[in-house]
Structure formats: C-alpha cells, structure tokens
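One-letter residues, chain by chain:
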Amino acid sequence: EIIEGSGYTIMPSFIDLHCHLREPGYEYKEDMESGMKAALRGGYTHVCAMANTKPVIDNIELVKKNHDKSKKLGLCDLTQICALTKNFGKEYVEFKEIMQETKVFSNDGVNVNERETMERALAYSKALDFLILSHCEPEVETVRRDLDILKEIPGNLHICHVSEHETINIIRLAKDQGIEVTCEIAPHHIFESEVDYKVNPPFGREQDRKALIRAIKEGTIDICATDHAPHSKEDKDQGAPGISNIEVAFPMYWKVFNENNLSLEKLSEMMSYKPAKMLDLNCGEIAVGKEANLVLVNTEKEYLMDINKFISKSKNNPFHGTIIKGEILMTIKRGVIKYDNR
Ligand code: DOR
Ligand code: ZN
Ligand code: ZN
Ligand code: ZN
C-alpha cells in the first residue's frame, strides 16, 4: 500500500514511560483496550502502565496477566510496571522472579517513605539491573533525599513528573556532580500554570512552568511522558487527582515547544528515542534495522482540544476548547497501521 504523506512529517512513534491504564480494578475509568486505543490515537505504540491498580500489581502473576492481555489485544506494546513493595507495605516484591516479566518498578501509591526502604531498593536496582520510577514529586525533600542516597548507593533511578523549579535545581545539581539519574515531565505542567484543577503534582506557578521549559532547553529533563490519569466524572467530583491526556499529549507538548523555539527533533528525542533507550527497545528512531514504529503528523495544524472526541473512557482534561498544535494522522506499529485518521 502506498500512503500519501506529502506535506506531513514522519516521526518515530511515541513511547510513554508513565501512564495509568487502570487494569485491574478500575475498568470504569479506563481499561487496557480503551487506554491503548487512545494511546494509538495519540501516536504511541508502547506504553508503561503504573501499578496503582486494585489490587496493586505486586507479583509476577498480575504483571504477566496484563502482558498476556496486551499481546492478545495487539494494540500497543505494554511494559507493566510493578510496585516495589507488597500490598502498599514495606516488604519488597520478589524482584528476581518478577524480572522475568518486567524490569520497571515504581513506588506509585506505595509506601517507600522510609529512607532505608529506598536505600535497599536502589541497591537492588543496581545489582539486578532494574529501573525504579520514583514517584516523589511534589515532595521536593524526598527528591533531595533520594538523590542524596544515590551519591552513596548507585541505583537506576528515574524521577516522575517533575513540576517544581526547586526539584529541577536539585536534579541539575546532581547531574552536574555526575550522579546518574533521569527525569520526566507531564504535558500539563508546561502547558499552563496555576490552573484550578486537581492533579498530582499540582499545577505550579508561572515561574515553575518557565523553569521547566528552561530545563528542557538545557537538557536537564530527559523524557516527555504523559501521566495519563483517567477518572470518571463522579470520581473527579469527589476530588480524584489526574488528567486524561494520552491522546493529546503530542499536540500539547508541540504547542509549547513551538512557542519556545524548541525543535521537533528535541521533542522526538524526548518522546521516542530516550524512552526507547531506557526500556531497551529496538525502536525510538528511524534507522535501518530498527522497528518501523512510525507516526505521520501534520505539525502545522492548530485546532481546539475536544474532549468529546476522546477515545479514552475518561474526559477529565481542563484544556477542552484551548488551542493545541499538531495532529496525528496515522500510527504504525511494526509496519502495521494501527490508527488511521486520514
Ligand atoms: O494526578 C495524578 N493521578 N497523580 C498521580 O500521581 C496519580 C494519578 C492517578 O493514579 O490518578
Ligand atoms: Zn515552586
Ligand atoms: Zn504521580
Ligand atoms: Zn502517575
């Protein structure tokens, strides 16, 4: 088949290091099928799903169950993230066994507030070679503590959804000192500041947003993730934090990158190349011998975000009706068209 793409841009498809697909337990907010269809609409062919489900994903059976289901669905590729500890407690999960299924662990919704718990987790991450997605922002002091630990105990640490100028300062200093650590942002935190909408970390002040943009320019931020957090209307009304954004993450990011003279190449690196490297995937760039995971984009199109067009079961996004830039026309996974909006 010949795909007519003149005037459009072909890019490596996107890889989301951090989203919530809500399976098992919260399927009324999202399930793997709706979440992955939304992800494909957003240009993603690989997503990493957080472990704060019901029950929490803290053993190999639950990780494998989601991996098996995603293979059957044949939509996006899935990395199921596993909790660091069992059932929100202090006892570690069976790292070695679970590593047959996943190499990514997280403390999202899990209690690793004690320094010692994090110290040992970081030591394990180095010894066994797994990645820890640390969910500590907006607790700036916890970021400081974890980077402090890293000076003594090297580990594979990634800081989720950086939103605070102070966190950026801490990470920049650590990187300048040669400490190996990576971090990500979510689109909403650079899109707008001081929005009255519940999300964790909360919307920052304008100086935080500006600091995030500067940090992208100077290379302190490694990854553009989504933190796609779908919630039903009822749950939002009860105060559940989070934003449904996986299908509009690219146009949210691209609008801000554009306004700040940040290049499409830079965004591609942060949405595809770097997450692929972190996850050891054979994609994330357009090159001979790499998987043909591609996205066709109209980078010039400006339009209003419309939550009524969301494929996601949840429409919780405060930017309905605001201008975003860049439209996904097609998403291709390993040479097969998975989303087609021509
Ligand atoms: O806003 C958020 N929603 N932040 C989080 O850290 C968790 C997420 C969720 O699971 O809904
Ligand atoms: Zn601040
Ligand atoms: Zn979070
Ligand atoms: Zn999250």
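Residues numbered from 1 in each chain as written. Chains lettered and ligands numbered in written order. Predicted model: local features only at pLDDT ≥ 70, side-chain atom pairs only at ≥ 80, totals over all residues. Heavy atoms only, no water.

**Student:** Please give an account of the sheet that holds strand β6 (residues 104-106) that cites residues and values.
**Tutor:** Strand pairing in a sheet is mediated by backbone hydrogen bonds. Such pairs are either parallel or antiparallel. Taken in spatial order, the 6 strands line up as β5-β6-β7-β8-β9-β10 in an open sheet, and their pairing is parallel. Pairing within the sheet leaves two strands with one partner each, and these edge strands are β5 (82-83) and β10 (223-224). Strand direction decides the pairing type here: β6 and strand β7 (residues 131-134), joined by 3 bridges, are parallel. In the strand pairing of β7, F105 is matched with I132. (Pairing = 2+ DSSP bridges. Helix = DSSP H or I, 4+ residues; strand = E, 2+ residues; numbered from the N terminus.)

**Student:** So what's going on with the coordination of the zinc ion (ligand 4)? Which residues, and what values?
**Tutor:** Taken together, H18 (NE2), H20 (NE2) and D227 (OD) make up the protein donors of the zinc ion (ligand 4), found 2.0 to 2.1 Å from the metal. All donors to the zinc ion (ligand 4) come from one chain, and their sequence spacing reads H-x1-H-x206-D. A distance of 3.2 Å spans the gap from the zinc ion (ligand 4) to the zinc ion (ligand 3). Within this pair, whereas H18 is found in strand β2 (residues 14-19), its partner D227 is found in the loop between β10 and α9 (233-237), the two being separated by 209 residues in sequence. (Donors = N, O, S within 2.8 Å, 3.2 Å for Na, K, Ca; no water.)

**Student:** I'd love a proper account of the site of ligand 1, names of residues and values included.
**Tutor:** Around ligand 1, the structure places H20, R22, N52, H135, H161, V199, N200, D227, A229, H231, P241 and G242. In this structure, an oxygen atom belonging to ligand 1 sits 3.4 Å away from a side-chain N or O atom of H20. N52 is positioned such that a nitrogen or oxygen atom in its side chain is 2.9 Å from an oxygen atom of ligand 1. When isolated, ligand 1 has an accessible area of 290 Å², and the protein chains bury 93% of it. Counted by class, the shell around ligand 1 contains 3 nonpolar, 7 polar and 2 charged residues. (Near = heavy atom within 4 Å. Polar contact = N/O pair within 3.5 Å; in protein donor to acceptor, adjacent residues only side chain to side chain. Areas by Shrake-Rupley, 256 points an atom, 1.4 Å probe, with all protein chains shown as cover. Nonpolar A, V, L, I, M, F, W, Y, C, P; charged D, E, K, R; others polar.)

**Student:** Which residues make up the coordination of the zinc ion (ligand 3), and what values go with them?
**Tutor:** Those donors, H135 (NE2) and H161 (NE2), are the protein atoms that reach the zinc ion (ligand 3), and they lie 1.9 to 2.1 Å from it. Owing to a relative accessible area of 18%, H135 belongs among the buried residues under this scheme. For H161, a relative accessible area of 0% puts it in the buried group. (Buried < 20%, exposed > 50% of the residue type's maximum accessible area, 1.4 Å probe, protein only.)

**Student:** Kindly report on helix α10 (residues 249-259), identifying the contributing residues and their values.
**Tutor:** Burial runs high along α10: 9 of the 11 residues are buried. Of all the positions in α10, only A249, F250, P251, M252, Y253, W254, K255, V256 and F257 are classed as buried. Of the residues one or two after α10, N261 is the one with positive phi, at around 55 degrees.

**Student:** Account for the side chain of D77, with residues named and values stated.
**Tutor:** With respect to the helices, strands and loops of the structure, D77 is situated in strand β4 (residues 77-80). Dropping the residues within four chain positions of it, D77 is found in contact with T45, H46, V47, K333 and R334. (Contact = heavy atoms within 4.5 Å.)

**Student:** Tell me about the sheet that holds strand β3 (residues 44-49), and name the residues and values.
**Tutor:** Taken together, the 3 strands give an open sheet; going across it, the order is β2-β3-β4, and neighbouring strands pair in parallel fashion. Each edge of the open sheet carries a strand with a single partner, namely β2 and β4. Pairs of neighbouring strands in the sheet enclose a mean axial angle of 15 degrees, with direction left out of account. Relative to β3, β2 runs parallel, the two being bridged by 4 bridges. Note on β3: the bridge partner recorded for F14 is Y44. In the packing of helix α11 (residues 264-279) onto the sheet, the strands contacted are β2 and β3, and the crossing angle to β2 comes to about 65 degrees. (Axes fitted to C-alpha atoms, helices over the stretch in contact; angles between N-to-C directions.)

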